[in-house]
There are 2 protein chains.
Amino acid sequence: MATVSRVLNQKGYVHKDTVQKVHEAIEMLQYTPNDIARSLSKKSSKTIALIVPDITNPFFNELALAVEKVTQMYGYTTILCNTNDSPAVERQYIQTLKQKYIDGFIMATNTLSSNEIDQLQVPLVALDRFNFQTVPTISSKNREGARLAVQALLQQGCTKIMHIRGPKGLWIAEERCQGYLDLVEDLDWFTPKLIVNGNFQLKEASEAVNKIFETHPDIDGIFAGNDLMAIGALRVMQKRGIRVPDQVQIIGYDGIPLGEMVYPELSTVAQPIYEMGMLAARILIKKIEQQPLEEMNHQMDNELIQRGTTRHTS
Amino acid sequence: MATVSRVLNQKGYVHKDTVQKVHEAIEMLQYTPNDIARSLSKKSSKTIALIVPDITNPFFNELALAVEKVTQMYGYTTILCNTNDSPAVERQYIQTLKQKYIDGFIMATNTLSSNEIDQLQVPLVALDRFNFQTVPTISSKNREGARLAVQALLQQGCTKIMHIRGPKGLWIAEERCQGYLDLVEDLDWFTPKLIVNGNFQLKEASEAVNKIFETHPDIDGIFAGNDLMAIGALRVMQKRGIRVPDQVQIIGYDGIPLGEMVYPELSTVAQPIYEMGMLAARILIKKIEQQPLEEMNHQMDNELIQRGTTRHTS
DNA sequence: CTCAAATGAGTAACCGATTACACATTTAAT
DNA sequence: ATTAAATGTGTAATCGGTTACTCATTTGAG
């Protein structure tokens, strides 16, 4: 028994011939080890959880794909948890999973307080969170990315640019909004009314854009805090008979595949979603396996991709 | 110890006062039971797995949402597994999960042979599979749904309707194609060339449609085997400057939210995706808990939803 | 050649629950 | 009043692994 365990885990001394015999026996008996029993004695489940706010958003799909790929390579299983933006659901998940000896969490949500996060007692990495001291975080350079978008709009002839921002209090939403402000705040056409809240949802963004066009029909540029909202804006333009990109240019943020499914195809500030997912997974595993981390805060570069909703010259 | 277990599981005789005391102690000590140990002795993990071929397809997102909701209500955890259409990955998942005492599977994939499925030794329900004897299955009335779509196209003036079918060998793809054939096979304009394969993918569908329009520019109706492919077709029309629905009418199949994100909004044969997911979960749990099942094969009704890609009169 | 270190393999304790069983006490039927 | 059945609680075996510990055998350095 102990010898078999040693063979399977390649630990301690076992004679070559014995290893051979054990393998034969395993083959013969079609033996498969019981992971639950192993977890119980090891106090580890070789499983990590990826917690996302909205599984329906393609951004998180892609993230999940990346995380899964890496964790699988290292012999871990990934559990995908959808919280629907509810802190209660999130706490429930964390509680349940801790009882199952979960080895670590990747939090792509932003609903729990830093305090709660700190008290978790389980290895963890966070996405899109601000400057934690204790927890490794990964995000793209949101403010810079926003500037990239707005600058392109300005250069390509926009004279009145609105911003559809994400939820109040969400760090990435603030940052992207700030990037927009950096470039337009001092221009004479600017007014805070040009910033509307779309809560990162297509539908809410549509409604907000529809409303603002009643009072500001001369808007000719839209920078949305994510692609879903940009597509919502595009829809409004199409329903109103406003030509995109001739009359209004639109740039989103994220770079989800959905952006290429609409027509005209969406121009966007593309985050390296897949890489961010892979990085998060690698860092988490490092943390679980107690290897030292070089850096705590990883800031990824964005790429402005101009497609059909902008009048780019190149 | 035994008493605490009895209190928590509400099994056997325990005195009221003792129950009270145990609860107090639990509160005091912040005790949480260890699920792994419980799993080991119960030989059950209170966890089920939903296996899907493509987590990126919104159809499966919605399905996952529904399954998760139901399983959570019954105290189960759901693991979402993405196979990327690879049988190898699927087998790997099954193997790994069985070692973790998984309680059941919902298979939304169609890559494994019936034989393998039969030998699983774990409760299981299948989606979109043909008429199993041993395994409960859930699907929509594919052939009937297809007829619904094609009939609408015919009634609304189409004189040459093409079909973008799903993968060869996939049962639901065959059925939907058959429904199309039922209505058009005997019409004088029909030729098998009007059926192209899009493999349920947007991109492949786009390419196929683009190609067929070189030789058959007079097509004025498109029935696609799923919404993703319909959107691919829509994209081709837009790029070619063909007006939808004036010159070409398009109907998809599935009823995913994505259909409402494109413009014009996609007409589609909507399956009750959420209900199918909930039903699958309920049936699986029934099976796990050894309750008798009334029916093995559940066929759901579809609803034709006409939106912007068809010229409906109502 | 001697003896300490390295190697190899078995025994038993442990992980943290569930549950069969034993035993004591209470309830209720005759 | 007697006794079988119901109620309440503790003890110990079990689930299937891991691993500290023990003991026997090899190896090799002095």
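What this report covers is the structure whose coordinates are included nearby. (Residues numbered from 1 in each chain as written. Chains lettered and ligands numbered in written order. Predicted model: local features only at pLDDT ≥ 70, side-chain atom pairs only at ≥ 80, totals over all residues.)

### Focus: the relation of the copies chain A and chain B
Note the threshold: A least-squares superposition brings the copies together, and it is based on the C-alpha atoms of residues with pLDDT no lower than 70 in both. Note that contacts rest on C-beta atoms placed from the backbone: two residues are in contact if these are within 7 Å.
Of the transformation placing chain A onto chain B, the axial shift is 0.1 Å and the rotation is 180 degrees, giving an RMSD of 0.1 Å. Both chain copies can therefore be described as sitting about a two-fold axis. Taken together, the interface assignments show that 100% of the residues at the interface of chain A recur at the interface of chain B, consistent with an identical surface on both copies.

### Some words on the protein's contact with DNA strand D
Condition: Nearness here has a simple definition: the residue's C-beta atom, placed using the backbone, must lie within 6 Å of the molecule or strand. Helix and strand assignments follow DSSP, with helices taken as H or I runs no shorter than four residues and strands as E runs no shorter than two, numbered in order from the N terminus. Residue polarity follows a fixed list, in which Ala, Val, Leu, Ile, Met, Phe, Trp, Tyr, Cys and Pro are nonpolar, Asp, Glu, Lys and Arg are charged, and the others, Gly among them, are polar.
By nearness alone, 24 residues border DNA strand D, and A2, S5, N34 and A37 of chain A together with A2 of chain B come closest of all. For the surface near DNA strand D, the elements supplying multiple residues, two or more each, are α1 (2-9) and α3 (35-42) of chain A together with α1 (2-9) and α3 (35-42) of chain B. By residue class, the composition of the surface near DNA strand D is 11 nonpolar, 9 polar and 4 charged.

### Some points on the protein's contact with DNA strand C
Around DNA strand C lies a shell of 23 residues, among which A2 of chain A together with A2, S5, N34 and A37 of chain B are the nearest. Those elements giving two or more residues to the surface near DNA strand C turn out to be α1 and α3 of chain A together with α1 and α3 of chain B. In terms of residue class, the surface near DNA strand C is built from 11 nonpolar, 8 polar and 4 charged.

### Observations concerning the sheet that holds strand β5 (residues 137-140) of chain B
Residue and element names in this part refer to chain B. What counts is decided by this rule: The pairing criterion is simple: DSSP has to find at least two bridges between the two strands. Whenever a helix is involved, its axis is fitted only over the stretch in contact; in every case the axis is a line through C-alpha atoms, and angles between N-to-C directions fall within 0 to 180 degrees.
Judged by pairing direction, the sheet is parallel, and its 6 strands sit side by side in the order β2-β1-β3-β4-β5-β11 without closing on themselves. Of all the strands in the sheet, the pair left with one neighbour each is β2 (77-82) and β11 (297-300). Averaged over all pairs of adjacent strands, the angle between their axes in this sheet comes to 15 degrees, without regard to strand direction. Pairing geometry for strand β1 (residues 47-52) and strand β3 (residues 104-107), over 4 bridges, is parallel. When the sheet's bridge partners are listed, A49 is paired in β3 with F105.

### A word on the sheet that holds strand β6 (residues 161-165) of chain A
All names here are of chain A. The sheet built from 6 strands is open, its strands ordered β7-β6-β8-β9-β10-β12 with mixed pairing. What marks the edges here is a single partner per strand, and that holds for β7 (195-197) and β12 (303-305). Averaged over all neighbouring strand pairs, the angle between strand axes comes to 20 degrees, with direction disregarded. Direction of pairing for β6 relative to β7: parallel, over a ladder of 3 bridges. When the sheet's bridge partners are listed, H163 is paired in β7 with I195.

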